[in-house]
Amino acid sequence: MIIKLNGYGYSSNSYLLIGKKTILIDPGANHLILENLKKNGIKNIDFVINTHCHFDHSAADHLIEEEFNCPTIIEDKEVKHLKSGDEVTVSSLFGAKLIPPKEIIPLSEMEDELKNYGLEILRTPGHTYGSISIIYEDGLITGDTLFAYGVGRWDLPTGNLIDLRRSISLLENVANERNINKIYPGHGEIGDKMAFNYAKLFL
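Residues numbered from 1 in each chain as written. Predicted model: local features only at pLDDT ≥ 70, side-chain atom pairs only at ≥ 80, totals over all residues. Heavy atoms only, no water.

So, the sheet that holds strand β9 (residues 139-143)
The cut-off we apply is this: Strands were regarded as paired on the criterion that DSSP finds at least two bridges between them. A helix here means a DSSP run of H or I that spans at least four residues, while a strand means a run of E at least two residues long, and both kinds are numbered starting from the N terminus. Note on geometry: axes are C-alpha line fits, over the in-contact stretch for helices, and angles between N-to-C directions span 0 to 180 degrees. By definition in these notes, contact holds between two residues if any of their heavy atoms fall within 4.5 Å.
Taken together, the four strands give an open sheet; going across it, the order is β7-β8-β9-β12, and neighbouring strands pair in mixed fashion. A strand with exactly one partner marks an edge of an open sheet, and here the two such strands are β7 (119-123) and β12 (182-185). Adjacent strand axes in the sheet meet at a mean angle of 25 degrees when their direction is disregarded. One ladder, built from three bridges, connects strand β8 (residues 132-136) with β9; its direction is antiparallel. Across the sheet, residue I134 finds its bridge partner in β9, namely I141. Most of the contacts of helix α6 (residues 161-178) go to β7, to which it runs at about 150 degrees, and overall it touches β7, β8 and β9.

So this is what it looks like as structure tokens:
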């Protein structure tokens with residue numbers, strides 16, 4: 001099951017994956033995520049996964065860690081940025097300082113285990129160089145790579161337009177091959193395969 005938790009203000013959407021494990025994708029950037037989890041009756045989180053290290057997706061990682069004693073998983077390239085809260089996290093755009101979680105695990109160390117829980121990771125650079133998307137059940141969780149009606153920025157640190165085009169193409173191919181018709185983006189509403197047509201207008 002995928003439960004969407006809407007972001008508040010600039011904070012990203014969060015997604016709860018409930019199956020063999022309870023996994024939280026992108027806790028966002030404020031304490032309201034804890035209230036939201038309680039409203040949904042969540043008493044345990046096994047892992048946090050960040051689709052990328054940007055502040056509006058990862059600033060609440062440490063709050064989830066403190067509440068549920070769980071580690072955060074992020075693509076290997078972005079571990080150092082999340083640990084240091086450096087310019088790649090773009091925290092300065094939000095006038096804030098990122099407090100990193102204490103336990104950060106590189107994705108490569110957990111990828112096989114995550115497969116056992118039904119998650120398949122796709123590396124989809126472009127918005128940042130370590131951006132990932134996640135196939136889970138009949139859905140595609142895309143972070144800021146793909147939205148229902150557009151694509152993420154590529155002009156921030158480690159972003160790259162050519163990589164983003166390739167990643168959108170990869171996601172479209174996967175969606176067609178797997179007959180995936182639900183796109184769960186980092187911001188905004190849930191989309192469908194029409195998202196790829198809108199994406200092409202921006203690329």
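Points about the pattern of salt bridges
The condition that has to hold: Any carboxyl oxygen of Asp or Glu that lies within 4 Å of a side-chain nitrogen of Lys or Arg is treated as forming a salt bridge with it. Between buried and exposed lies partly exposed: a residue is buried under 20% and exposed over 50% of the maximum accessible area for its type, with that area taken using a 1.4 Å probe on protein chains only.
The tally for this structure, following the rule as stated, stands at six salt bridges. A salt bridge links D155 to R153, with the shortest nitrogen-to-oxygen separation between them at 2.9 Å. A salt bridge links R166 to D163; the nearest nitrogen and oxygen atoms lie 3.6 Å apart. Within this pair, R166 and its partner D163 are both found in helix α6, separated by three residues, close to a single helical turn. In this structure D163 comes out as partly exposed when scored by relative accessible area, which is 25%. What emerges from the salt-bridge pattern is a single network uniting E75, E111 and R123.

A short note on a nonpolar patch on the surface
Quick reminder of the rule: A patch is a set of surface residues, each over 30% in relative accessible area and not in a salt bridge, joined within 9 Å for like charges and within 5 Å for the nonpolar side chains Val, Leu, Ile, Met, Phe, Trp and Tyr. All accessible areas in this document rest on Shrake-Rupley with a 1.4 Å probe, and a residue is counted as covered only by the protein chains that are shown.
On the surface, Y149, M194, Y198, L201 and F202 cluster together to form a nonpolar patch covering roughly 550 Å² of accessible area. On the secondary structure map, Y198 appears in helix α7 (residues 194-202). The class for Y198 is partly exposed, based on a relative accessible area of 31%.

Here we look at the packing of aromatic side chains
Aromatic rings in a pair are described by how distant their centres are and how their planes are angled relative to each other. Stated formally: What counts as a ring pair is set by centres within 6.5 Å for rings of Phe, Tyr and Trp (its six-membered ring), and what kind of pair is set by the plane angle: stacked under 30 degrees, edge-to-face over 60, tilted for all other angles.
A full pass over the atoms with the stated rule returns five aromatic pairs. Both rings, one in Y15 and one in Y184, keep their centres 5.5 Å apart while their planes meet at 75 degrees; by these two values the pair is edge-to-face. Taken together, the residues Y15 in strand β2 (residues 14-18) and Y184 in strand β12 connect sequence positions 169 residues apart. For Y184, a relative accessible area of 7% puts it in the buried group. Each ring, one from F55 and one from F94, has its centre 5.5 Å from the other, and the planes form 25 degrees; the classification is stacked. Highlighted residues: F55 in helix α2 (residues 55-58) and F94 in the loop between α4 (79-84) and β6 (104-106), separated in sequence by 39 residues. When its relative accessible area of 5% is taken as the criterion, F55 is described as buried. Since its relative accessible area comes to 25%, F94 is described here as partly exposed. Following the ring pairs from residue to residue traces out a cluster consisting of Y10, F55 and F94.

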